[in-house]
2 protein chains.
Amino acid sequence: MSPPTRSRLSPEERRSQLLDLGVRLLADRSLDELSIDLLAEEAGISRGLLYHYFGNKHAFHEAVVRRAADDLIAQTAPPAHGEPLERLLASVTAYVDYVLANFQGYVSLIKGSASGNEALRAIYEEVRGVLADRIFQEDPEGQLVADTPRNRLVVRGWSAMTEELVIAWGTEPAGVSRDQLLAIVATSLPALVAATAG
Amino acid sequence: MSPPTRSRLSPEERRSQLLDLGVRLLADRSLDELSIDLLAEEAGISRGLLYHYFGNKHAFHEAVVRRAADDLIAQTAPPAHGEPLERLLASVTAYVDYVLANFQGYVSLIKGSASGNEALRAIYEEVRGVLADRIFQEDPEGQLVADTPRNRLVVRGWSAMTEELVIAWGTEPAGVSRDQLLAIVATSLPALVAATAG
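Overview of the structure. (Residues numbered from 1 in each chain as written. Chains lettered and ligands numbered in written order. Predicted model: local features only at pLDDT ≥ 70, side-chain atom pairs only at ≥ 80, totals over all residues. Heavy atoms only, no water.)

Before going further, it helps to spend a moment on the overall build of chain A. The helix and strand tally for chain A stands at ten helices and zero strands. Counting helices and strands in the order they occur from the N terminus, chain A gives α-α-α-α-α-α-α-α-α-α. Considering only C-alpha atoms, chain A reaches an extent of 60 × 35 × 30 Å along its principal axes. Looking at the 198 residues of chain A, the share that counts as buried comes to 48%. For chain A, restricting intrachain contacts to residue pairs at least 6 apart in sequence, the fraction spanning at least 24 positions comes to 66%. Of the side-chain charges in chain A, 19 are positive and 27 negative, and the distance between the mean point of each set is 5 Å. (Helix = DSSP H or I, 4+ residues; strand = E, 2+ residues; numbered from the N terminus. Buried < 20%, exposed > 50% of the residue type's maximum accessible area, 1.4 Å probe, protein only. Contact = heavy atoms within 4.5 Å. Lys, Arg positive; Asp, Glu negative; His and termini not counted. Charge placed at Lys NZ, Arg CZ, Asp CG, Glu CD.)

What follows is the structure, given as C-alpha cells:
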C-alpha cells in the first residue's frame, strides 16, 4: 500500500481496510496477541493514527470481532435456491471453512466471551442467535425443521455440537476427513429433529 | 452440629463434611459468591479454621469443585445391567438432574473453566473426558456406539450439545417438559451415530 493509494481513501474506507487487516491477523493468533502495535506495523501507519481510528485497544478488538462476525454471517448465507438439505450443507460448509480459516481468533473469541467480556459475549451470542434463527427463516414451511419449542432447543444444541466438532477437529482431526466432518454436521440436524420428534 | 458431635470427627472427616457443604452451597450461587466467610458462617466455625483446612480461597474453590466433579461422576454411573439404551438413559437422567440441582455452581464452573483458570479447566476437561470415555467403556461390544475415530468425535459433539441443552432448558424451559428434554438427550446419541455412519 503506497502513500498515493492510501491518501485517496476516505477515513471510513481506511478504517474498514484496517478492520479487514485485523480480521486477517486473527487467522493464526488470539485476540490477546492482536495488539495496536502489531496492526500499526502490518498496516505501515503510526500507533497514534490507529488510536485516532479506534480509541483504545478494547474498542479496537470489539470492532475487529464485529467485522469478523459480519463476515461470518455473510459468508454462511445459504444459496437462494435448492433442496433444504443441500442449502443447509452449503451453509454449514461455509461455517466450517470460516472457523478453520480463522481458527485462533475464533477460539479466542469463545474464550473471551466466556470469561466475562460483555462486549465480546454480546457479539458471540448475537452470531449464534442469527445462525440459529436462519435455520427457521430459510425453511419457513418446515421441510427440514418445523418451528416448534422443542426444535428451537434442538437447533441450539446442534449449534453447540457443531462448534465443538469444528474446534475439536481443527485441533486434532484424529483420522476423520474434512468431508466426514461436514457430513456429520449436516446430516446430524435432520437426524436429531427426526429422532426427537416422537 | 453441636460441639460434642463435631469433636468426634477426624480432621479428614471434618474437611470432607465442609466440602459437602461447599457443594450444597453451589446449588444456587456461583463460585465467586462462595466465599470462605460464607462457608464459615454456614458451618458455624471460624474463618481461621477454614484457612487451616484449605489454605486459601483458590485452593478451597478447587477442592469444592473436585468434590462436585467426583459426585457427578459417581452419580451418573449407569446401572450394571440392562439394555444399552436404557443404561444410557439412566446415566443421562442422572446427569441432567445433577446439573439442574447444582445449576449456578455448574454454570460458574463452565465460565471459570473458559476464563483461563487452569485448575478449574483441568477438572472440567477431566469430567468431560470421563463421561465420554464411559460411553465406550460401558459398551465394549459397540451395541450402541462402536469405538471409531468418527464416533469419538460424534460423542464429543453430543456431550457439548447435552451440556448446552441442559443449561438452555434450565435457564428457560420454553414449553419443553423435563421428560422431553431427557428424551432429546438420550435418543440423540444413537440417532447421531446412525446418521453419521454412512
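Between the two chain copies there is a screw-like relation: a rotation about an axis and a shift along it. Rotating chain A by 180° and moving it 0.0 Å along the rotation axis overlays it on chain B with an RMSD of 0.0 Å. Classification of the inter-copy transformation places it as that of a two-fold axis. Taking the C-alpha atom as reference, chain A places A:Ser115 closest to the rotation axis, 2.0 Å from it. Interface residue correspondence from chain A to chain B reaches 100%, placing this contact among same-surface, isologous pairings. (Least-squares fit on C-alpha atoms with pLDDT ≥ 70 in both.)

How big an interface is tends to be stated in terms of accessible area lost as the parts join. With 29 residues of chain A in contact, the opposing surface of chain B contributes 29 residues. Across the chain A to chain B interface the summed buried area is about 2,500 Å²; carbon plus sulfur atoms make up 76%. On the chain A side of the interface with chain B, the three residues burying the most area are A:Leu153, A:Glu164 and A:Ile184, jointly 22% of the side's total. Inspection of the chain A/chain B interface yields four salt bridges. The shortest N-O distance in the salt bridge between A:Arg128 and B:Glu164 comes to 4.0 Å. Inspection of the region where chain A meets chain B yields two residue pairs in polar contact (both at pLDDT 80 or more). Secondary-structure elements contributing two or more residues to the side of chain A that touches chain B are helix 7 (103–114), helix 9 (149–171) and helix 10 (178–195) of chain A. Ranked by the residues each element gives to the side of chain A that touches chain B, the list is headed by helix 9 of chain A, at 13 residues. (Buried area = accessible area lost by both parts, 1.4 Å probe. Salt bridge = Lys/Arg side-chain N within 4 Å of Asp/Glu carboxyl O. Polar contact = N/O pair within 3.5 Å; in protein donor to acceptor, adjacent residues only side chain to side chain.)

Attention shifts here to the environment of A:Leu38. Residues and elements named next belong to chain A. Relative to the helices and strands, leucine 38 is located in helix 3 (residues 36–43). With relative accessibility at 15%, the residue leucine 38 sits in the buried group. Those residues in contact with leucine 38, other than ones at most four positions away along the chain, are Leu25, Arg29 and Glu33.

A few words now on the pattern of salt bridges. This model, assessed by the stated rule, comprises 28 salt bridges over all chains. The partner of A:Glu126 in a salt bridge is A:Arg66, with the nearest N and O atoms 2.9 Å apart. Of the two residues, A:Glu126 is situated in helix 8 (residues 118–137) and A:Arg66 in helix 5 (residues 57–75); the sequence distance between them amounts to 60 residues. For A:Glu126, a relative accessible area of 38% corresponds to the partly exposed category. Where salt bridges share partners, they join A:Arg128, A:Arg156, A:Glu163 and B:Glu164 into one cluster.

Residue and element names in this part refer to chain A. Of note in the backbone geometry, alanine 174 takes a positive phi value of approximately 50° without being a glycine. Structurally, alanine 174 is set in the loop between helix 9 and helix 10. What makes alanine 174 partly exposed here is its relative accessible area of 42%.

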